[in-house]
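What follows is the residue order along each chain.
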Amino acid sequence: MANMAASMKGQKPELKHYLRSNKLPDVYEALLTGLAVMCPDDPLQFILDKLRCLKENGMEELNWDMFVEDYMKPPNKVITESNLDFIFNLDDESMIDFIDIPVNIQRGQGYFGGRFEGITKSRKIWPTPEMYATAYGHYNMSLKNMCFSAWMQYYLHKKKKKMAMEKKMTRAALHHAHRILRVHLNVWRDWLRYRKGCQAMAYHKLKRIYFVSVGIVLFREWRAVAKRNKDQREYFEISLRRLERGENVDDEETFGQGDGDAQDKLSGQLGIELAVKVFSFLDIADLARCACVCRSWKVIAYHSSLWNRLDFSKVRNRLAYGVTDLVTTKLLSKCRPYLIHLSMRGCTQLQSSTFLSISECRNLQDLNLSQCKGLDDESLKFVVKGCKIILYLNLSHTHITDASLRTISKYCHNVQFLSLAYCKKFSDRGLQYLSAGKCSKKLEYLDLSGCLQITPDGFKSLSSGCNMLQTLVLNEFPTLNDDCMMAVAAKCTKIHTLSILGSPLLTDETFKRLANNRNLRKLRIEGNQRISDLSLKAIGKNCTDLEHLYLADCQRLTDASLKAIANCSKLVVCNIADVVQITNTGVQSLAEGSCASSLRELNLTNCIRVGDMAMFNIRKFKNLVYLSVCFCEHISEKSGIELLGQLHALVSLDISGCNCSDEGLSSLGKYNNHLRDVTLSECADITDLGLQKFTQQCKDIERLDLSHCKLLTDGAIKNLAFCCRYLTSLNLAGCKLITNLSIQYLSGVCHHLHTLDISGCIIITDKALKYLRKGCKKLKYLTMLYCKGITKHAAMKMMRHVPALKFSDDEIPVYYGYK
């Protein structure tokens, strides 16, 4: 206002008269007052509405507060006169206020700050602009304070009202929700009463139907069993007569009905999806042969889902010239858009052209180049520059150097699995490159087995960069010492799987430090004579999530170690083979600990102090699936072996070298007929009678080891073949009484057999190989060492049908025990 009043001081009277005659100051003041008091949401629309109202009603009743609603006006007016009226009504003369100031003789200060001296008489002075500014500023500040206070009261009132409304709405919503729940609860109660009534009625009806149905089912099953036994007895009688005549049992089934129909029934009847599923069980060589049969088979054989995984290691011995660059480049060029998994393990003839083709497979995630002698630093650079999304990389048994590790750290940003096992040419600097690369924070699995050139400095560099490692494999590392592992244990705190087989220099200090990380779930140690019970106590105390423990040939461990790990409630596998100080007390501690309910595999091989009391405690392992008590000489037949039959979850059992005869074997099969894998090697007291009873009770046997059971004859193998028709692996090494007739029985019935060992069977001749070629079409592994009755010509001929065959006609070794 002060500035406005000062600005009107020098204006022309005509302008003042125009402003006054049109009441522009009054309109301006009324609008400002309305805006300041009413605070509309849309100020512009408010001004337009009020101006339209003035235009319609005229300005006769114009007042400075006419745009303020009655409820917003104060009961007592503070301002009785318009300020703008005061400003615009005054002329230049009236704007001058004369002030009488007495004048003293002495010097002093006037009312408005002017200096004066002496007292003569009163005189009038002109107010200065600073005085006007001060006065109007004070007045405006008072108005602002008043308006702000009013606005603050209005805001607080509105906020309080809003909060009260929110509380009411919250209570209303809660009440509504409770009411809905109450209604639904009543409906549910009525429905529940109705359902219970229906169920009670249905129960009585179903109970009667159940007893009637059980009787019908029992009768039908009895009839089916009787018919099946009759048919089986007739089949065995017919098969036995045909085998004695030298015929194959399933000749007709092998070649089908022979109706001469050459149509493609595979893709026609099964459909393309099922046909592709069938073809997925074939390897590369078989798929290539199937593609040559007909056009429809070619379409199926080249389906993209069949070529996202290539494994040349399975066919490298089947091809005439091995896996060459010509073969690999041709196949890789066809399947490179959808190839994800590629294995070149053991393909020693590959050169740079193959690796260049691999680099064009942009979607490759899993690459195995183990034992590829042609792989060098330059070839690997081609591969990793092209395949930038590799997650799994296996370079074990290759000649890579530090340059390759530098290339991996530069281009393989996502690699999680890396195997450098038995790579002798890289050094600590290579590990520095690896730990400094972008892949170091994503690397989870690292295998450095057999890399003896790595020093403690290399392990320090590795642990400083690759601190996210979860699995570390350091097998066959005789130079590994505490200095190397301390750096790893200090920084790689997320390691949960550690394998250090064949590292005899590590002491308790290393394992104590590893146990402090509390993340160990799988630990494998072998051949360490310095580790003691102190390490196992630290592991059992801190690593409560331990699942897999392998402590083979650690001679200083005692029963105290087993007592320490007995509280690992998640322990699944426990292997303490060749720990000769373990006794029955240690096994009892395991059985009484919290790990008894979770333990599934237990290996007590060569624990010579373990006896019958341990077998009694082993019965408490209700979920035990695998058990090995090889060469535990103190386990008797009646008090020990028979108790193992009470482990109803047991699937795999190894009692090699134990005191087991026909009686124990028969009891074992009587109480547990779910066995799938049984090893009876060097059980010299087992005869045909015991094996016959065992096979008649355990007909689901898939793998059986009868090596060096010297009392077995063809009669035992005859019962084995007819009772265990799903046999896949059989070891008859050292069974010197076995003849061609046994092989004839096996080839005639056991068509699923893929592994057979007849080493030392000196009576077997070339005729047995004819039976195997004719009946055992799935045979993949055949071992015929020290078989003097088989000629080299017959063995060479058999190699065409069996991928892996071992043959020799040397003299029988002394340890076979032949006289």
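What this report covers is the structure whose coordinates are included nearby.

## Digging into the state of the cysteines
Phase 1: Under the definition given, this model contains zero disulfides.
Phase 2: Cys-439 carries a free sulfur, and the closest cysteine sulfur to it, the one in Cys-466, is 6.6 Å from it.

## Digging into the pairing of strand S12 (residues 497-501)
Phase 1: With five of five residues buried, S12 is to be regarded as a mostly interior element.
Phase 2: Of the two faces of S12, the one carrying Thr-497, Ser-499 and Leu-501 and the one carrying Leu-498 and Ile-500 are both buried.
Phase 3: By the bridge criterion, three bridges tie strand S11 (residues 471-473) to S12 in an arrangement that is parallel. Bridging from a neighbouring strand, Val-473 pairs with Ser-499 of S12.
Phase 4: Running through helix H18 (residues 482-491), the crossover from S11 to the neighbouring parallel element S12 is right-handed.

## With respect to the packing of helix H3 (residues 24-38) against helix H4 (residues 43-57)
For any two helices packed against each other, the geometry is given by the interaxial angle and the distance between the axes.
Phase 1: For the pair H3 and H4, the least separation of the axes is 11 Å and the interaxial angle reads 135 degrees. Put simply, H3 runs oblique to H4. The way H3 lies across H4 gives a crossing that is right-handed. Side by side, H3 and H4 meet where Val-27, Leu-31, Gly-34, Leu-35 and Met-38 of the first sit next to Pro-43, Phe-46, Ile-47, Lys-50, Leu-51 and Leu-54 of the second.
Phase 2: When grouped by side-chain class, the residues that make up the contact of H3 with H4 number nine nonpolar, one polar and one charged.

## Re the packing of H18 against helix H19 (residues 508-515)
Phase 1: Running from amino to carboxyl end, H18 crosses H19 at an angle of 5 degrees, the nearest separation of the two axes being 9 Å. On the basis of the axis angle, H18 is roughly parallel to H19. Taking contact as the criterion, the partners of Asp-482, Met-485, Met-486, Ala-489 and Ala-490 in H18 are, on H19, Glu-509, Thr-510, Arg-513 and Leu-514.
Phase 2: By residue class, the composition of the contact of H18 with H19 is five nonpolar, one polar and three charged.

## Points about H3
Phase 1: The end-to-end C-alpha separation of H3 is 21 Å, in line with the 21 Å expected for 15 residues at 1.5 Å each.
Phase 2: By the burial criterion, the buried members of H3 are Pro-25, Asp-26, Val-27, Glu-29, Ala-30, Leu-31, Thr-33 and Gly-34.
Phase 3: Looking one or two places after H3, you find Cys-39, whose phi comes out positive at around 50 degrees.

What counts and how
- Residues numbered from 1 in each chain as written.
- Predicted model: local features only at pLDDT ≥ 70, side-chain atom pairs only at ≥ 80, totals over all residues.
- Heavy atoms only, no water.
- Disulfide = S-S within 2.5 Å.
- Buried < 20%, exposed > 50% of the residue type's maximum accessible area, 1.4 Å probe, protein only.
- Helix = DSSP H or I, 4+ residues; strand = E, 2+ residues; numbered from the N terminus.
- Pairing = 2+ DSSP bridges.
- Right-handed = clockwise from strand over helix to strand, strands pointing away.
- Axes fitted to C-alpha atoms, helices over the stretch in contact; angles between N-to-C directions.
- Parallel < 35°, antiparallel > 145°, perpendicular 65-115°, else oblique.
- Left-handed = near helix turned anticlockwise from the far one by under 90°.
- Contact = heavy atoms within 4.5 Å.
- Nonpolar A, V, L, I, M, F, W, Y, C, P; charged D, E, K, R; others polar.
- Expected span 1.5 Å × (residues − 1).

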